[in-house]
Amino acid sequence: MADLLWDDVKCLFDPDLMGPLPDVRVPDASTGEWQEVLDLVAEREWQCQYSEDETPLPVPRAEAVLSRSANAGYPSLRVWPTADVLAIFRFHADDEIDFDVDLRELQGQGQLDVFCGFLREIGRRLGKPVLMDPQGRCGHPVLGFDVDADRVVLLAEPGQVTAGDG
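I will try to describe carefully the structure that is included in this document. For clarity, every value in this text was computed on a predicted model and none was experimentally measured.

Let's talk about the overall build of the protein chain
Alright, step 1. In terms of regular secondary structure, the protein chain is built from five helices and nine strands.
Alright, step 2. When its helices and strands are written in sequence order, the protein chain yields α-α-β-α-β-β-α-β-β-β-α-β-β-β.
Alright, step 3. A compact globule built from 166 residues would reach a C-alpha radius of gyration of about 15 Å, and the protein chain, at 15 Å, matches this within 12%.
Alright, step 4. In terms of overall dimensions, the protein chain has C-alpha extents of about 40 × 35 × 30 Å along its principal axes.
Alright, step 5. The proportion of buried residues among the 166 residues of the protein chain is 46%.
Alright, step 6. Summarising the internal contacts of the protein chain: among those between residues at least 6 apart in sequence, 65% fall at separations of at least 24.
Alright, step 7. As presented, the protein chain carries roughly 8,200 Å² of accessible surface, and 47% of it is formed by carbon and sulfur atoms.
Alright, step 8. Separation of charge centres in the protein chain, based on 14 positive and 32 negative side chains, amounts to 2 Å.

Quick look at the layout of surface pockets
Alright, step 1. Here the largest pocket is characterised by a volume of approximately 220 Å³.
Alright, step 2. Considering the residues around the largest pocket, the lining is formed by 15 residues, among which Asp23, Arg90, His92, Asp98 and Asp100 are closest to the centre.
Alright, step 3. Among the elements of the structure, β1 (23-26) and β6 (97-101) are those that each provide at least two residues to the lining of the largest pocket.
Alright, step 4. A breakdown of the residues in the lining of the largest pocket according to their chemical character gives five nonpolar, four polar and six charged.

With respect to the packing of helix α3 (residues 31-44) against helix α5 (residues 109-126)
Alright, step 1. Close contact between α3 and α5 brings their axes to 10 Å; oriented N to C, the two are set at 130°. If you check the angle between α3 and α5, you find them oblique. Crossing handedness for the pair α3 and α5: right-handed. Contacts between α3 and α5 pair Glu33, Glu36, Val37, Asp39, Leu40, Glu43 and Arg44 from the former with Glu121, Ile122, Arg125 and Leu126 from the latter.
Alright, step 2. The class makeup of the residues in the contact of α3 with α5 is four nonpolar, no polar and seven charged.

Looking at the pairing of strand β8 (residues 143-146)
Alright, step 1. As paired strands, strand β7 (residues 130-133) and β8 are joined by three bridges and run antiparallel to one another. The residue of β8 that forms the bridge with Met132 is Leu143.
Alright, step 2. Where β8 meets strand β9 (residues 151-154), four bridges bridge the pair, whose relative direction is antiparallel. Counted as the bridge partner of Leu143 is Leu154 from β9.
Alright, step 3. What sits between β8 and β9 in their antiparallel hairpin is a turn of four residues, with Asp150 showing a positive phi close to 55°.

Considering the pairing of strand β5 (residues 85-89)
Alright, step 1. Burial of β5 is extensive: five of the five residues sit out of reach of the surface.
Alright, step 2. Both faces of β5 are covered, namely the face carrying Val85, Ala87 and Phe89 and the face carrying Leu86 and Ile88.
Alright, step 3. Where strand β4 (residues 75-82) lies against β5, four bridges are found, and the strand directions are antiparallel. Within β5, the residue paired with Thr82 across the bridge is Val85.
Alright, step 4. A loop of two residues connects β4 with β5, the two strands running antiparallel in sequence.

Thresholds applied
Residues numbered from 1 in each chain as written. Predicted model: local features only at pLDDT ≥ 70, side-chain atom pairs only at ≥ 80, totals over all residues. Heavy atoms only, no water. Helix = DSSP H or I, 4+ residues; strand = E, 2+ residues; numbered from the N terminus. Rg over C-alpha atoms; globule rule 2.2 N^0.38 Å. Buried < 20%, exposed > 50% of the residue type's maximum accessible area, 1.4 Å probe, protein only. Contact = heavy atoms within 4.5 Å. Areas by Shrake-Rupley, 256 points an atom, 1.4 Å probe, with all protein chains shown as cover. Lys, Arg positive; Asp, Glu negative; His and termini not counted. Charge placed at Lys NZ, Arg CZ, Asp CG, Glu CD. 1 Å grid on protein atoms, 1.4 Å probe; cavity = no way out; pocket = protein on both sides within 12 Å on 5 of 7 lines; lining within 4 Å. Points joined across faces, edges and corners; volume = space filled by probe spheres on them. Nonpolar A, V, L, I, M, F, W, Y, C, P; charged D, E, K, R; others polar. Axes fitted to C-alpha atoms, helices over the stretch in contact; angles between N-to-C directions. Parallel < 35°, antiparallel > 145°, perpendicular 65-115°, else oblique. Left-handed = near helix turned anticlockwise from the far one by under 90°. Pairing = 2+ DSSP bridges.

Structure follows, in structure tokens:
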């Protein structure tokens, strides 16, 4: 059974309402939990590409990428749980795992199911919530993986959501 039904949440996947790149995050994380996510990507054999300033490189250990100097190249990890769904991990801080998804790619029940499955995999692996906020409105999650429920749940009323400036 689906965690969420498209007809109930499609407004939360409207790029004009949420911003095209909502913020997805695992708060209160650690370098070790970043490594757990990297290990999960490898174990699941999801297609991925790590780069620094758009230069493709082998995926490093989390500790190496998170301890880089501020003037080092901008790191990102692109992960495709399926060919048509992309998550881009940003490595902004060691205490929060953050990534973007493009809502223009997440349209319909099939993509919603893939996205929920991706959040579930990360949340189960870490034993932590994985939250999605409207773009630029960090701290105002609209949906996320709930550890106790072991599924993705709504955290805000769909009609009450707007994106921020960011």
